[in-house]
Amino acid sequence: MTELQIGLIALGGTAVVGVFAYNKWQEYRHRKLAEAVFQPHHDDVLLGDAPKPARKVEAAVRHEPEIRVDEPVAPVERIEPMFVDAPQATEPEPEPQSEPRYPAVDPAPAPSPEIDSPFAADQEPEPLPVVEEEQPLQSVPVPAELLDPRLEFVVAMDMVEAVSASQILHSQREYLQRLSKPVHWLGFNERTREWERLPPDSNLPVRRLRVGLQLVNRLGPVSEGDFTLFTNAMQALADELMAVADMPDIRVLDQAAEIDRFCAAVDLEIGINLVSRASAFSGTKIRALAEAAGMVLGIDGLFTRYDDEGRPQFSLQNYETAQFTPDTVRTLSTHGLTFLLDVPRVDHGERVFMQMTELAKRFAETLQGALVDDNRQPLSDSQLEHIRREFIGKPQATMASFGLSAGSAQALRLFS
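The rules behind these values
Residues numbered from 1 in each chain as written. Predicted model: local features only at pLDDT ≥ 70, side-chain atom pairs only at ≥ 80, totals over all residues. Heavy atoms only, no water. Helix = DSSP H or I, 4+ residues; strand = E, 2+ residues; numbered from the N terminus. Expected span 1.5 Å × (residues − 1). Bend = angle between axes of the 7 residues up to and from the residue. Contact = heavy atoms within 4.5 Å. Pairing = 2+ DSSP bridges. Axes fitted to C-alpha atoms, helices over the stretch in contact; angles between N-to-C directions. Buried < 20%, exposed > 50% of the residue type's maximum accessible area, 1.4 Å probe, protein only. Salt bridge = Lys/Arg side-chain N within 4 Å of Asp/Glu carboxyl O. Core = buried A, V, L, I, M, F, W, Y, C linked by side-chain atoms within 4.5 Å. Arc of directions from axis to C-beta.

K.L.:
Teacher, can you tell me more about helix H8 (residues 381-401) here?
P.N.:
Along an α-helix, residues three or four apart share an orientation, since each turn contains 3.6 residues. For H8, with 21 residues, the first-to-last C-alpha span of 29 Å sits near the 30 Å given by 1.5 Å per residue. Along H8, the helix axis deviates most sharply at Gly393, where the bend reaches about 30°; the proline Pro395 sits within four residues downstream. Elements that come into contact with the buried residues of H8 comprise helix H5 (252-266), strand S7 (269-276), strand S13 (336-342), helix H7 (349-367) and helix H9 (409-414). Phi for Gly403, located one or two positions after H8, is positive at around 80°.

Here you go:
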């Protein structure tokens, strides 16, 4: 016989002895309980003054069995131990009334309405107030139409308390006026939950501020001196507002030089000249033709045509040095006119160029003039088509590949 078999036999014997001992102990315990129940001189819990329980839990009433002399007392049934799978013990089936029952305590009943409990059925807890979760301010990005990190060096400031926009704009004006590049101010309107430009007379209360130094315009890239002056002014403004000036970590001068090279490749202005063949053009006729075509005379001395959104499409200027003004156009006469189209600042440039050439031809027919280039050589339809494809279509396609559409808000800032 192996050691494993011997061990199993010993373990089985131990288990049998344990069960036998447990049964004997249970029999002894229930015998004592039965003797206590059937004693003739015990106190009745229904008549005597039983002590009140400390907690407000109803105790089960113990029923005394009726003892008759002529009837033998039924022996106490021994309860065998058993193993159950579920953690909750099931209630035993009710026994006949003729058999004695051992006193037992029922499970604690559910709290009744009379119990002073905060979780009573008639005292439901009040629901917590629903608080509308406000959209985080950081989730509202700055539109690229207002500030573009590719074109501007953007400084971010967030204040604890709102500050009037007029106070912010006037804080570092003395220093920022020395810059040769534009500075764009944006504030977050907490009422409309939108970013908006801050005009000089704005009184908008601002807690979130974005300030952008334009890196390039038609005068060239930003200089190192301008950049240093701007960052110093922003740091001083942050100290005054008790805010932190968050500045991007970029090589500003290199980025500005790269943008400037891109601008030089697409910054074109197309002009079509209309010269007289004999007599000079009358100012009154020029004004009548221009206004009939929807062009407006501005303070810059140009007749300009705008699209439905108010963006300039092309303009008409005097070929000679004198400018058009409301006072002088009546008596002015000239031997030439020039139609101008600013390629990077006009949306759908090819279509607008065709409209401009058609209008120039009508002017030439009415005023008895001829369309010529800058060398005063006649322009044919094939030459005009070549200009449309090579000097308008291709540059604007290059801008689109860079993610900068011609005539967009970014283009208008960059080519200014």
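K.L.:
Mind showing me how you'd approach the sheet that holds strand S3 (residues 194-197) here?
P.N.:
Sheet strands pair by backbone hydrogen bonding; their relative direction is either parallel or antiparallel. Strand order in the open sheet formed by 4 strands is S1-S4-S2-S3, with antiparallel pairing between adjacent strands. In this open sheet, the two strands that pair with only one neighbour each are strand S1 (152-164) and S3. The sheet shows a mean angle of 25° between the axes of neighbouring strands, taken without regard to direction. Two strands pair when backbone bridges link them, and strand S2 (residues 183-189) and S3 are joined in this way by 4 bridges, in the antiparallel orientation. When the sheet's bridge partners are listed, Gly187 is paired in S3 with Glu196.

K.L.:
It is not clear to me how the environment of Asp300 should be interpreted in this structure. Could you clarify?
P.N.:
Structurally, the position occupied by Asp300 is in the loop between strand S9 (295-297) and strand S10 (303-306). With a relative accessible area of 42%, Asp300 lands in the partly exposed category. Sequence separation between Asp300 and Phe324 is 24 residues, and the spatial gap between their C-alpha atoms is 8.4 Å.

K.L.:
I would appreciate a short explanation of the pattern of salt bridges in the present structure.
P.N.:
Should their charged atoms come close, side chains of opposite charge can pair. Applying the stated rule across the entire model yields 18 salt bridges. Here Arg208 and Asp158 are joined by a salt bridge, their closest N and O atoms 3.8 Å apart. Of this pair, Arg208 sits in strand S4 (residues 205-214) while Asp158 is found in strand S1, placing the two residues 50 residues apart along the sequence. Looking at Arg208, the relative accessible area reads 6%, which means it is buried. Between Glu385 and Arg388 there is a salt bridge, and its shortest N-O distance comes to 2.2 Å. Here Arg388 and Glu385 lie together in helix H8, a separation of 3 residues that amounts to about one turn. Taking the relative accessible area as the measure of exposure, Glu385 reaches 29% and is therefore partly exposed. Overall, the relative accessible area of 16% leaves Arg388 in the buried class. Taken together, the shared-partner salt bridges connect Arg218, Asp267, Asp342 and Arg345 into one network.

K.L.:
Looking at this model, I keep getting lost on the sheet that holds S9. Mind explaining?
P.N.:
In space, the 6 strands of this open sheet follow the order S9-S10-S11-S13-S7-S14, with antiparallel pairing throughout. Each edge of the sheet is formed by a strand with only one pairing partner; in this case those strands are S9 and strand S14 (369-372). Strand-to-strand twist of the sheet, defined as the mean angle between neighbouring strand axes without regard to direction, takes the value 25°. Here 7 bridges tie S7 to S13, and the two strands are oriented antiparallel to one another. Directly across from Leu274, in S13, lies its bridge partner Leu337. Each of S7, S9, strand S11 (312-318), S13 and S14 is contacted by H7, which is oriented at about 170° to S13, the strand it contacts most.

K.L.:
For this particular structure, what's the right way to read the nonpolar core?
P.N.:
The nonpolar side chains of a soluble globular protein tend to be buried with one another. Core analysis: the biggest nonpolar cluster contains 42 residues, and Met157, Ile168, Trp185, Leu209, Phe230 and Met234 have the highest contact counts within it. Where this core is concerned, the elements lending two or more residues are S1, helix H2 (165-171), S4, helix H4 (224-241), H5 and H9. At 7 residues, H4 tops the list of elements feeding residues into this core. Once residues lying within four places of it in the same chain are set aside, the contact partners of Met157 are Arg207, Arg208, Leu209, Arg210, Met234, Leu237, Ala238, Ala243, Val244 and Ala245. Counting 32 residues, the second largest nonpolar core, distinct from the first, contains Met295, Ala364, Leu367 and Ile387.

K.L.:
Would you mind going over the side chain of Gln172 with me for this structure?
P.N.:
If you trace the backbone, Gln172 turns up in the loop between H2 and helix H3 (173-176). Apart from residues lying up to four places away in sequence, Gln172 is in contact with Ala233, Ala236, Leu237 and Glu240.

K.L.:
Whenever I open this one, the pairing of S10 confuses me. Can you help?
P.N.:
For a regular strand, the rule is simple: side chains alternate between the two faces of the sheet. In this structure, S9 lies alongside S10, joined through 3 bridges in antiparallel fashion. Of the residues in S10, the one forming a bridge with Val296 is Thr304. Where S9 folds back onto S10 in an antiparallel hairpin, the turn is made up of 5 residues, including Gly301, whose phi is positive at roughly 80°. In the sheet, S10 pairs with S11 via 4 bridges, with the strands oriented antiparallel. When the sheet's bridge partners are listed, Thr304 is paired in S11 with Ser315. Taking the residues that link successive antiparallel strands as the turn, the S10-S11 hairpin has 5 residues, and the phi of Gly310 there is positive, at about 80°.

K.L.:
So what exactly am I meant to see when it comes to H4 here?
P.N.:
Helix length check: H4, at 18 residues, gives a terminal C-alpha distance of 26 Å against a target of 26 Å (1.5 Å per residue), a fit within 8%. When we look at burial in H4, the residues that qualify are Asp226, Phe227, Phe230, Thr231, Ala233, Met234, Leu237, Ala238 and Leu241. All buried residues of H4 project into a common sector of 160° when viewed along the axis, lining one side. Turned more than 90 degrees from where H4 packs its buried face, Glu224 and Asp239 sit exposed. Looking at the packing, one finds that the buried side of H4 touches S1, H2, H3, S2, S4 and H5. Phi turns positive, to about 55°, at Met242, one or two residues after H4.

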